[in-house]
Amino acid sequence: MLSERRLQVLRAIVQDYVGTEEPVGSKALTERHSLGVSPATVRNDMAALEDEGYIAQPHTSAGRIPTDKGYRLFVDKLAGVKPMTAPERRAIQNFLDGAVDLDDVVARTVRLLAQLTRQVAVVQYPSLTRSTVRHVELLALAPARVMLVLITDTGRVEQRMIDCPAPFGETSLADLRARLNSRVAGRRFADVPQLVEDLADGFDLEDRGTVCTVLSTLLETLVEENEERLMIGGTANLTRFGHDFPLTIRPVLEALEEQVVMLKLLGETQDPGMTVRIGHENAHEGLNSTSIVSVGYGSGGEAVAKLGVVGPTRMDYPGTMGAVRAVARYVGQILAES
């Protein structure tokens, strides 16, 4: 364990390096921070921090910069994240309140996060598997053709066309709609298969084929593997940090383009709380020079998806974590009210 004083020195190095982009020397530290000790003591502390792998010397005669391990300890020992100011909170609310549907909420959230943090913003669409059914609508398009519309508690809408094995009258369709909603409305997706397994038994024999076709389409919609989607914005922000990426920015851009990679990274932790992955903690090689700050969002205290930002490890962690948390809270409120 580091002594409180060495932790203070590490904090000062991280803050200065993030703020100035320049390696930090002991003289500058003692001038800029009231550490209460001599430059010689600070030099000794920095030597100890370097020996333990918390800071490194990028090239001879330069100051020191934090390593992934140093940033990790800095984040773990944060007293608190930086709260948003009242004008910032109002701006977030006003911007998100204008959203007209779920796609618009996600698009606005991406733009907002990218602007607030000046990093790359990543927002996962609410997952169907963690959602509940708000309503199932069935619309007759032709005597043997029906449109199924599934509406979730997060405002997500899924539509499917169904070709029925036989003509299906309006009265039968209304009956199926009513019985189906009485069983599944307000219930979690995971519970739906069990709730509808004997539903067809209550219908006349000539209608059962169509009822089974409608139910199997509904169940397919619930379990589709390609349901997980995300939106990414602010990629141009990375160009401001060119010198923060050791060789080139390209591996980062390639990793961001791989939705599967990003979904896997966001989904690796089931914890809906704040997650900060730093440098080599990111399993994907292309993201080894980045940090990912993410948090779950949802309505009613339950996370239905995650949102966050990707940026260089030289990141304003308290500010970024504060912005990500504030935006997630407002998105959750919008979903709860929708």
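Residues numbered from 1 in each chain as written. Predicted model: local features only at pLDDT ≥ 70, side-chain atom pairs only at ≥ 80, totals over all residues. Heavy atoms only, no water.

Draft legend 1. Molecular detail of the side chain of Arg 156. With respect to the element layout, Arg 156 can be found in the loop between β5 (145-152) and β6 (157-163). At 3.0 Å, the side chain of Arg 156 forms a polar contact with the side chain of Glu 158. (Helix = DSSP H or I, 4+ residues; strand = E, 2+ residues; numbered from the N terminus. Polar contact = N/O pair within 3.5 Å; in protein donor to acceptor, adjacent residues only side chain to side chain.)

Draft legend 2. Focus on the sheet that holds β5. Ordered by their spatial adjacency, three strands build an open sheet running β4-β5-β6, and the pairing between neighbours is antiparallel. The open sheet has two edge strands, β4 (133-142) and β6, and neither has a second partner. Pairs of neighbouring strands in the sheet enclose a mean axial angle of 20 degrees, with direction left out of account. Here eight bridges tie β4 to β5, and the two strands are oriented antiparallel to one another. Residue Glu 137 lies in a different strand from β5, and its bridge partner there is Val 149. Contacts from helix α7 (residues 170-184) reach β4 and β5 within the one sheet, and its direction differs from that of β4 by about 165 degrees. (Pairing = 2+ DSSP bridges. Axes fitted to C-alpha atoms, helices over the stretch in contact; angles between N-to-C directions. Contact = heavy atoms within 4.5 Å.)

Draft legend 3. Spotlight on the packing of aromatic side chains. A full pass over the atoms with the stated rule returns one aromatic pair. In this structure, Lys 69 packs its charged tip against the face of Tyr 54, placed 4.6 Å from the ring centre. (Phe/Tyr/Trp six-rings, centres within 6.5 Å; stacked < 30°, edge-to-face > 60°. Lys NZ or Arg CZ within 6 Å of the ring centre and 35° of its normal.)

Draft legend 4. How the structure looks around the state of the cysteines. Counted under the stated rule, the structure contains zero disulfides. Free cysteine Cys 164: the closest other cysteine sulfur is in Cys 212, separated by 12 Å. (Disulfide = S-S within 2.5 Å.)

Draft legend 5. Fine view of a nonpolar patch on the surface. A contiguous nonpolar surface patch, about 270 Å² in accessible area, is contributed by Leu 139, Leu 141 and Met 161. Note that Leu 139 resides in strand β4. (Patch = residues over 30% accessible without salt bridge, like charges linked within 9 Å, V, L, I, M, F, W, Y side chains within 5 Å. Areas by Shrake-Rupley, 256 points an atom, 1.4 Å probe, with all protein chains shown as cover. Salt bridge = Lys/Arg side-chain N within 4 Å of Asp/Glu carboxyl O.)

Draft legend 6. Highlighting the pairing of β6. Of the two faces of β6, only the one carrying Glu 158, Arg 160 and Ile 162 is buried; Val 157, Gln 159, Met 161 and Asp 163 on the other face are not. With seven bridges joining them, β5 and β6 adopt antiparallel strand pairing. Looking at the pairing, Leu 150 lines up with Glu 158 of β6. Counting the residues between successive antiparallel strands, the hairpin from β5 to β6 contains four residues, one of them, Gly 155, with a positive phi of roughly 90 degrees. (Buried < 20%, exposed > 50% of the residue type's maximum accessible area, 1.4 Å probe, protein only.)

Draft legend 7. Looking closely at the pairing of strand β8 (residues 275-278). What you see with β8 is no split at all: Thr 275 and Arg 277 on one side and Val 276 and Ile 278 on the other are buried throughout. Pairing of β8 with strand β9 (residues 290-297) involves four bridges; the strand directions are antiparallel. Within the sheet, the bridge partner assigned to Val 276 lies in β9 and is Val 293.

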